[in-house]
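Summary of structural features
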Amino acid sequence: MNDMVINVKSVSKAFDTRNVLRDIAIDIGTGQAVLICGINGAGKTTLLRIIAGLLQPDIGSVKLCGYNIRKDPEKAKSQFGMISHKSMVYPELTVLENLSFFARLYGVKDSDANITELLQDVGLFSYRYDTAGILSRGLLQRLAIARALVHRPALLLADEPFTGLDAKACHHLITVLNEFTKNGGTIVMTTHDIDIGLQCCNRVVVLDKSNLIFDASTSDIDTAKFLKDYISYARSET
Amino acid sequence: MRYFWLSLKAIFIKDIVTELRAKQVLPTMIVLGMLIVWVLRMASEAVLQSEAVIGPVALWIAFLFAGLLAQERSFATEQQQDCIYALLLAPVDEGTIYLAKLFVNIVLLSIFEIIIVPVVIVAFRLNINNWPALIGVLLLGNIAISSVGTLFSAIVQLSRARGALLSILVLVILMPMMIPATFALLLVFGAIPPEMAGTGALAFVGTLGSAVGYMIAFDAVFVVACWLLFGFAIKE
Amino acid sequence: MRKILLFITLVLLLASTWMALTKGRIEGPSANPDSPVRNIIYAHVPSSICSLACFTVLFVTAIGYLARGNESWDHVASATAEAGIVFATVLNATGSIFSRAEWGPWWTASPRLISSAVLWFLYVVYLILRSSLPGSKKRRARVCAVFAIIAFLDVPMVLYTARFMEDIHKPSFTFDNLWQRGAFIMGIVSTMLLAAMLIWIKTDILKIKSRLEAE
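Keep in mind the model is a prediction, meaning the values are calculated, not measured.

Details of the overall build of chain A
On a plain count of helices and strands, chain A comes out with 8 helices and 10 strands. Against the compact-globule benchmark of 18 Å for 238 residues, chain A has a radius of gyration of 18 Å, which places it among compact chains. Overall, the C-alpha framework of chain A stretches about 50 × 40 × 35 Å when taken along its three principal axes. Buried positions account for 45% of the 238 residues belonging to chain A. Looking at chain A alone, contacts between residues at least 24 apart form 69% of all its contacts between residues at least 6 apart.

Encoded structure:
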């Protein structure tokens, strides 16, 4: 039985004349929380977008829970939620309206009870009638998480989710992510805040000049040393 | 199938609610439309005997330019907070997104028409001898500009000269339709008496039926084509 | 191979021009029989055929690109649009001159002139779209392909809409002799060859440019 949540096979991508990803292959299983590191231009966001189906690879394929994102996009897209540094919610709609909208898009049944529970989980229940446009950055990110999880996916993709968050909001996000993994969810995250990322991930992957150069479980490495080595590597590259 | 209707309805309602709350485009469209009508009215003061001819022309011009504003809004609102990606990430067919936004644009333009037609009638002292025909012709024009505009709005969203580029794209495609559309309105407003239709009055040949038939064919072709091509336009 | 074809094209163009202006010369309108203006038909009709043919090629390459994603389709599309607008400009200019000489005004709302004008506008807007889209080359190619397909669907719309206008200016001419017919056909063939050569050369230039940028 293939319990691979994500199956990336020989993915390559070039933008005009620039190679961004070269023959990337990675398998991610249930319960794994993967941190993708790399300096700017290494291909982290591109890889995440290809996994999410927002970009098509030039070569290669991506399967999410067994569904090919290109051939079976509707089934594949139902398997995951995504957050990024932009909240992807509508400022004119209230918190509740935003979540109801996305629940309907994902075909969620009994969405009202679901949404109430979700709002309580992320601590937004008291803000449910507020329009998203007036929420602070931290609260917006909570709404974004709720949006991503409204259909209870098995997989969460996070592209630079800690950008612009204060310490409190960061801490809240880390808690949510850890809770998600504890309940059997799978996470793939990119972030420049490696030290924060390491707090909620159990596997680290490094991309460098469009190649995958490092892939290890955090239990197999000395994370403090990894962090130090990574910072000096990043400094020398920029 | 049921899922298709659910997502279509969801996106449609979402767009209508956000537009009504933002109150950005609709008031601007209406004011722009009225200004165009009155400017043309002032400019044609000297030739008021042909107001039955200028009136329909003024109506189409106001309609086109206000319509362009509505089209630009379609995807401009999705640009904030990267909401367009939220739509693309969802298990919704791109064609469904197109259809929902098409219906939103048709509704917004219809609201505009309800307000602007009386203004034109008053400004140019027009008489309408065929209300159903007027509504039908305006609806067909509405569908034409909305179908093409919704598709092109997705195309120009990244461009800096978004409004200007959208205008030239939409207007060039709609150019052919303006002849039968104007002809139809001239008949409806009595500038060409019905008994004279098809005889070459005002250099037009054809009948109301043939003009409406053309507009129906135009709409059918472009709604289908734009719906099919939308997926290519929206992707990165 | 290309040099030979270019030579043939040039020869045919010169031959058809010579034939048109000497042996196949068309008489002017009855008011001014010595006027050479009606001979503009030898430039007008081939331009019309070529500009429509280029549009069809543009449509085919658009579909080809959307179906296959191969950059070559886009190169051909770009080259064809540039060739097409040249012919569309000649078409409008010659049509306008003809209108002025035959009937008085530089332009009237006659079906042919309307169709020519819209065709020209479609080309211009396509080229503006090509040059003003930000983002990757792939996106630009894809978006231009989408517009090319919509624009092509507009062409029959244009031809039908022209029927709503009274065509009081029906140009009618018949060929009096074989020279005229020959010059006419040769003109069409040589212009189409010219169009093909222009597209071929420009496509190659674009391919080389693309390869250079990749290195």
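As for the sheet that holds strand 9 (residues 203-208) of chain A
All names here are of chain A. Pairing is mixed across the open sheet formed by 6 strands, whose spatial order is 6-7-8-3-9-10. The open sheet has two edge strands, strand 6 (80-84) and strand 10 (211-217), and neither has a second partner. For this sheet, the mean angle separating the axes of adjacent strands, direction not counted, is 15 degrees. Pairing of strand 3 (residues 33-37) with strand 9, which is carried by 4 bridges, proceeds in the parallel orientation.

Points about the pairing of strand 1 (residues 4-15) of chain A
Residues and elements named next belong to chain A. Strand direction decides the pairing type here: strand 1 and strand 2 (residues 18-29), joined by 8 bridges, are antiparallel. Note that in strand 2 the partner of F15 across the bridge is R18. Where strand 1 folds back on strand 2, the antiparallel hairpin that results is connected by 2 residues, among which D16 adopts a positive phi of roughly 50 degrees. Relative to strand 4 (residues 59-64), strand 1 runs antiparallel, the two being bridged by 5 bridges. For I6, the partnering residue across the bridge sits in strand 4 and is L64.

Some details on the interface of chain C and chain B
At the interface, 29 residues of chain C touch 30 residues of chain B. Looking at the side of chain C that touches chain B, the elements that each hand over two or more residues are helix 4 (111-132) and helix 5 (137-161) of chain C. A per-element tally of the side of chain C that touches chain B places helix 5 of chain C first, with 14 residues.

Looking at the packing of helix 4 of chain C against helix 5 of chain C
Residue and element names in this part refer to chain C. Running from amino to carboxyl end, helix 4 crosses helix 5 at an angle of 175 degrees, the nearest separation of the two axes being 10 Å. Taken as axis vectors, helix 4 and helix 5 run roughly antiparallel relative to one another. When helix 4 is examined against helix 5, the residues S115, V118, L122, Y126, L129 and R130 are found in contact with a partner set consisting of R140, C144, F147, A148, A151, D154, V158 and L159. Of the residues contributing to the contact of helix 4 with helix 5, the split by class is 10 nonpolar, 1 polar and 3 charged.

Concerning the pairing of strand 3 of chain A
Regular strands place their side chains on alternate faces of the sheet. Residues and elements named next belong to chain A. Of all the 5 residues making up strand 3, 5 are buried; the element is thus mostly covered by neighbouring parts of the structure. Neither face of strand 3 is open: one carries A33, L35 and C37, the other V34 and I36, and all of them are buried. The pairing of strand 3 with strand 8 (residues 186-190) spans 4 bridges and is classified as parallel. By the bridge assignment for strand 8, A33 is matched with I187.

What to know about the sheet that holds strand 5 (residues 67-68) of chain A
Residue and element names in this part refer to chain A. In space, the 4 strands of this open sheet follow the order 2-1-4-5, with antiparallel pairing throughout. Edge strands, defined here as strands with exactly one partner in the open sheet, are strand 2 and strand 5. Contacts from helix 1 (residues 44-52) reach strand 1, strand 2 and strand 4 within the one sheet, and its direction differs from that of strand 1 by about 125 degrees.

Overview of unusual backbone geometry
Residues and elements named next belong to chain A. Here S10, not a glycine, exhibits a phi torsion of approximately 45 degrees, which is positive. Looking at the secondary structure, you find S10 in strand 1. Although it is not a glycine, K209 sits at a positive phi angle of roughly 45 degrees. Its location among the elements puts K209 in the loop between strand 9 and strand 10.

Here we look at the packing of helix 7 (residues 162-188) of chain B against helix 8 (residues 208-234) of chain B
Residue and element names in this part refer to chain B. Here helix 7 crosses helix 8 at 140 degrees, and the two axes come no closer than 9 Å. It follows that helix 7 is oblique to helix 8 by the angle criterion. Every pair of crossing elements has a handedness; the one defined by helix 7 and helix 8 is left-handed. Together, M177, P180, A181, F183, A184 and L187 of helix 7 and L208, A211, V212, Y214, M215 and F218 of helix 8 make up the contact between the two elements. Class assignment for the residues of the contact of helix 7 with helix 8 results in 12 nonpolar, no polar and no charged.

Cut-off values and rules
- For every chain, the first residue of its written sequence is number 1, and the numbers climb from 1 along that sequence.
- Think of it this way: whatever chain is written first is A, whatever ligand is written first is 1, and the rest follow in order.
- With pLDDT at 70 or above as the cut-off, local features in this predicted model cover only qualifying residues; side-chain atom pairs require 80 or more to be listed or tallied, and sums for whole chains, interfaces and linings still use all residues.
- Each helix is a run of H or I in the DSSP string that is no shorter than four residues. Each strand is a run of E no shorter than two, and both are numbered from the N terminus.
- The globule rule used here is 2.2 Å times the number of residues to the 0.38 power, and the radius of gyration it is set against is calculated over C-alpha atoms.
- Note on burial: count the other C-beta atoms lying within 10 Å of the residue's C-beta; 20 or more is buried, 12 or fewer is exposed, in between is partly exposed, and C-beta positions come from the backbone.
- It is the C-beta atoms, placed from the backbone, that decide contacts: two residues are in contact if theirs lie within 7 Å.
- DSSP-based pairing: two strands are paired if at least 2 bridges between them are found.
- All axes are obtained by fitting lines to C-alpha atoms, using only the stretch in contact for helices, and the reported angles, taken between N-to-C directions, cover 0 to 180 degrees.
- Just so you know how the angles are binned, under 35 degrees is roughly parallel, over 145 roughly antiparallel, 65 to 115 roughly perpendicular, and the rest oblique.
- The residue classification treats Ala, Val, Leu, Ile, Met, Phe, Trp, Tyr, Cys and Pro as nonpolar and Asp, Glu, Lys and Arg as charged. All others, Gly included, are polar.
- Should the near helix be turned anticlockwise from the far one by less than a right angle, the crossing is termed left-handed; should it be turned clockwise, right-handed.

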